[in-house]
Amino acid sequence: MKHRVLIITTVSGFLWQFEKNSVEILKKAGAEIHYASNFQHPAYEFDPSYFEKNGIRIHHIPIEKLPWKLGRNFRALVRLAAIIRRENIDTVHCHNPVGGLLGRLAARLSGRRPAVIYTAHGFHFYQGAPARNWLLYYTAERFLARCTDVLITINKEDEEHARRFRLKRGGNVFRIPGTGVDTRRYMPRPWLREEARRRMGVKKDEFCLLTAALLDPEKNHETVLRMLAGMKEKTEPPIRYVICGDGPHRRVLEELTRKWGLEDQVIFLGFCTDLEVLLQGADVFLFPSLREGLGMAALEAMACGVPVVAARNRGTVEYVRNGENGFLCEGRSPEDFRDAVLLLQSEPALREAAARRAAGDSLVFGSGRTEKAVEQIYRMIWKEREDECEGKRDHERVQSPSFFPSGKGGGIHPGSDMEGLGAADLQ
């Protein structure tokens, strides 16, 4: 049976940036792949030829990230339902909050009864989130869970919330290690340090801090700029801060850099496609983001042997072990970030030990584990759909465990093995 899969995201660059592994899995299975998104607002840069090269049929829909843009999102809903009917879609895999909202509703309204998978890359309700997030997003996710066959989460806090939802009859919740770190691309390559620094414009004797993230307020670059502005005394070696990424907040950050006299310390590189090289020249990776589902950029830095100084949130606590492979800070505290940076700068032995641990700890989040989990989820969904067509469906499916090693203590330990975990439920 040839399966027809519709992937739905809110912004069109998302698939190219984060879901290439899923595309490879579907191609390997011989599935017909459709991709619906808003191609007028890519948010992430991507190669337009990627879709044609991989046989992906694209569908532009006027979906908006803001759920209260009702007119455009209603039109997107109508188009999605029509695509599912017209293309005989049997599996819908949706991402992002609004993509998950419209994708699941469209599957329900299409009359086709496709299997529905929703990957939550970080619920918008979380510990410490504004009350309006809980009122709007928690209510919506709880309701939409009833339209979901498989709900995939990427951190423990979200998994715990998801397991309290009532999914479609026989539905399952899984936790996987994010989109997975490509450990063939991201690994320590010390011989590239000089080349990386040349590309960034960082001098040999400078202590290099690097951040890679979309430039928007939630990524919290401003706290690092405040940290640098508050460091009155010169450090030896001098500190240079490199920002990789682009986005709507760039002009504000550039103005703050000028206002606080940091032009000689801060470099804006824009969107970079060679991050695996640039990371080789960094001494510390700064990750001040206030909200993360997991935070693949920080994991990629760890895989390259760079210690991480991050804001404490539900994502970063999954892999940053405070004082061991990096440090966790209060998100809006320039002082916390300053103390962690200065400690790593002044103690090379501590920094080198943290770098070694970071590289080892990142292996738990390798892309091979994610690929295996997603492949098994698709196989489970398709087998059940085939059994259903033959009248053999078991309506009382056993709740499957996480694909991730968590245990009662909830810690992630280097070298933990999750190979095969949950396979008995999926085969």
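Structural data are supplied above this passage.
Structural notes, computed from the coordinates. (Residues numbered from 1 in each chain as written. Predicted model: local features only at pLDDT ≥ 70, side-chain atom pairs only at ≥ 80, totals over all residues. Heavy atoms only, no water.)

**Concerning the pairing of strand β9 (residues 239-244)**
Here is step 1: The buried fraction of β9 amounts to six of the six residues, a majority that puts the element mostly inside the structure.
Here is step 2: Pairing between strand β8 (residues 207-212) and β9: six bridges, direction parallel. Residue pairing across strands places F207 opposite I239, the latter belonging to β9.
Here is step 3: Relative to strand β10 (residues 266-270), β9 runs parallel, the two sharing four bridges. The residue of β10 that forms the bridge with Y241 is V266.
Here is step 4: As for the winding sense of the linkage, the β-α-β connection from β9 through helix α10 (residues 250-259) to β10 is right-handed. (Buried < 20%, exposed > 50% of the residue type's maximum accessible area, 1.4 Å probe, protein only. Helix = DSSP H or I, 4+ residues; strand = E, 2+ residues; numbered from the N terminus. Pairing = 2+ DSSP bridges. Right-handed = clockwise from strand over helix to strand, strands pointing away.)

**Quick word on helix α4 (residues 70-86)**
Here is step 1: Helix length check: α4 (17 residues) gives 24 Å between terminal C-alpha atoms against 24 Å at 1.5 Å per residue, within 8%.
Here is step 2: Listed as buried for α4 are N73, A76, L77, L80, A81, I83 and I84. The buried side chains of α4 occupy one side of the element, clustering within an arc of 160 degrees when seen end-on. Exposed side of α4, more than 90 degrees from the buried face: F74 and R86 are the residues found there.
Here is step 3: At its buried positions, α4 is contacted by β1 (4-11), β2 (32-38), β3 (57-60), β4 (91-95) and α5 (97-109).
Here is step 4: Two residues or fewer past α4, N88 is found with a positive phi of approximately 55 degrees. (Expected span 1.5 Å × (residues − 1). Arc of directions from axis to C-beta. Contact = heavy atoms within 4.5 Å.)

**Quick word on the side chain of T235**
Here is step 1: If you trace the backbone, T235 turns up in the loop between α9 (221-230) and β9.
Here is step 2: Looking at T235, the relative accessible area reads 17%, which means it is buried.
Here is step 3: For T235, the side chain forms a polar contact with the main-chain oxygen of P237, separated by 3.1 Å.
Here is step 4: Not counting residues within four places of it along the chain, the set of residues in contact with T235 comprises L342 and Q345. (Polar contact = N/O pair within 3.5 Å; in protein donor to acceptor, adjacent residues only side chain to side chain.)

**Examining the nonpolar core**
Here is step 1: Within the largest apolar cluster, 64 residues are counted, with the highest numbers of intra-cluster contacts made by L210, F285, V308 and Y319.
Here is step 2: The contacts of Y319, once residues within four sequence positions are left out, are F287, L294, G295, A298, L299, M302, N325 and F365. (Core = buried A, V, L, I, M, F, W, Y, C linked by side-chain atoms within 4.5 Å.)

**With respect to the packing of α9 against α10**
Here is step 1: Running from amino to carboxyl end, α9 crosses α10 at an angle of 5 degrees, the nearest separation of the two axes being 11 Å. On the basis of the axis angle, α9 is roughly parallel to α10. Judged by residue contacts, H221, E222 and L225 of α9 engage L253, L256 and T257 from α10.
Here is step 2: When its residues are assigned to classes, the contact of α9 with α10 shows three nonpolar, two polar and one charged. (Axes fitted to C-alpha atoms, helices over the stretch in contact; angles between N-to-C directions. Parallel < 35°, antiparallel > 145°, perpendicular 65-115°, else oblique. Nonpolar A, V, L, I, M, F, W, Y, C, P; charged D, E, K, R; others polar.)

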